[in-house]
Amino acid sequence: DQQVKQNSPSLSVQEGRISILNCDYTNSMFDYFLWYKKYPAEGPTFLISISSIKDKNEDGRFTVFLNKSAKHLSLHIVPSQPGDSAVYFCAARGLNTNAGKSTFGDGTTLTVKP
Amino acid sequence: DTAVSQTPKYLVTQMGNDKSIKCEQNLGHDTMYWYKQDSKKFLKIMFSYNNKELIINETVPNRFSPKSPDKAHLNLHINSLELGDSAVYFCASSPKRAVGTGELFFGEGSRLTVL
């Protein structure tokens, strides 16, 4: 039962353009969402998060949008840089849930071409 | 200066063997975790300890036994290894129980291959 889905296994964009990574969830109890970035041979690192009381959170080039009614979130990277090439995981959990209980998607591999 | 470190990074072994993976964090966090990333790339929680106390124990074969000698260390011992245990195992930590907002800090992963 995949409660968090990232339907695009891969995405390729040109440097300087926008990257949009999508994530869908099914559990209406989820109210805290995170994006992690993972380089090869490294562990995931936290990128940005959003709670369900917001519909947008921005941090530099990274913006996460949350559409609760559609149970959908997206990560926008503008402008994309070659160093952004990595696997991006979205994760979701309840705010009153231990961080370890986060449910992860299976990742989207982003390639940013120079 | 690595925040969450795991050893070994790569482990190749035969079916039936027993092996251990060690994890240490120098972030001063109270809570540590073991995750398994299977062939389908999903990260799934296995165990979590908060200050040496087991707080999460997912449906994992009892061949897997975590041990936390102190809050900075969480080791994973696997008995009678099976082919299906081949995966990347990630250790992670977080401040306290990290309920509410808060993220996980992951180690680099340990790739276990069972032949």
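Our structure's up above, just so we're on the same page.
Residues numbered from 1 in each chain as written. Chains lettered and ligands numbered in written order. Predicted model: local features only at pLDDT ≥ 70, side-chain atom pairs only at ≥ 80, totals over all residues. Heavy atoms only, no water.

Peer 1: Account for the sheet that holds strand β8 (residues 73-78) of chain B, with residues named and values stated.
Peer 2: All names here are of chain B. The strand order across the open sheet built from four strands is β1-β3-β8-β7, with neighbouring strands paired in antiparallel fashion. The open sheet terminates on both sides in strands that have one partner only, identified here as β1 (4-7) and β7 (64-70). Averaged over all adjacent pairs, the angle separating strand axes in this sheet is 20 degrees, with direction ignored. The pairing of β7 with β8 spans five bridges and is antiparallel. When the sheet's bridge partners are listed, Asp 70 is paired in β8 with His 73. (Pairing = 2+ DSSP bridges. Helix = DSSP H or I, 4+ residues; strand = E, 2+ residues; numbered from the N terminus. Axes fitted to C-alpha atoms, helices over the stretch in contact; angles between N-to-C directions.)

Peer 1: Explain the nonpolar core residue by residue, including any values.
Peer 2: Residues Phe 33, Trp 35, Leu 73, Leu 75 and Tyr 88 of chain A are the most contacted members of the largest nonpolar core, which totals 23 residues. Those elements giving two or more residues to this core turn out to be β3 (19-25), β4 (32-38), β5 (45-51), β7 (62-67), β8 (72-77), β9 (86-93) and β11 (108-113) of chain A. If you tally residues by element for this core, the top one is β9 of chain A, at four residues. Those residues in contact with Leu 75 of chain A that lie beyond four places of it in its chain are Ser 19, Ile 20, Leu 21, Trp 35, Leu 47, Ile 48, Phe 62, Thr 63 and Tyr 88 of chain A. With 19 residues, the next largest nonpolar core counts Ile 21, Leu 74, Leu 81 and Val 114 of chain B among its residues. (Core = buried A, V, L, I, M, F, W, Y, C linked by side-chain atoms within 4.5 Å. Buried < 20%, exposed > 50% of the residue type's maximum accessible area, 1.4 Å probe, protein only. Contact = heavy atoms within 4.5 Å.)

Peer 1: Kindly report on the sheet that holds strand β1 (residues 4-5) of chain A, identifying the contributing residues and their values.
Peer 2: Reading across the sheet, the five strands line up as β1-β3-β8-β7-β6 (chain A) and stay open at both edges, with antiparallel pairing between neighbours. Edge positions in the sheet fall to β1 and β6 (56-59) of chain A, since each has one partner strand and no second.

Peer 1: I'd like a rundown of the state of the cysteines, residues and numbers included.
Peer 2: If you walk through the whole model with that rule in mind, you get two disulfides over all chains. Residue pairing for Cys 23 of chain A: its cysteine sulfur links by disulfide to Cys 90 of chain A, the two sulfurs lying 1.9 Å apart. Judged by the torsion about the S-S bond (60 degrees), the Cys 23 of chain A/Cys 90 of chain A disulfide is right-handed. Residue Cys 23 of chain A is located in strand β3, and its partner Cys 90 of chain A is located in strand β9; the two are separated by 67 residues in the primary sequence. For the pair Cys 23 of chain A and Cys 90 of chain A, one class covers both residues: buried. Across a sulfur-sulfur distance of 1.9 Å, Cys 23 of chain B and Cys 91 of chain B are joined as a disulfide pair. Linking Cys 23 of chain B and Cys 91 of chain B, the disulfide has an S-S dihedral of approximately -80 degrees and is accordingly described as left-handed. In this pair, Cys 23 of chain B is assigned in strand β3 (residues 19-25) and Cys 91 of chain B in strand β9 (residues 87-94), connecting sequence segments 68 residues apart. Taken as a pair, Cys 23 of chain B and Cys 91 of chain B share a single burial class, namely buried. (Disulfide = S-S within 2.5 Å.)

That's the geometry; what it means functionally is another story.
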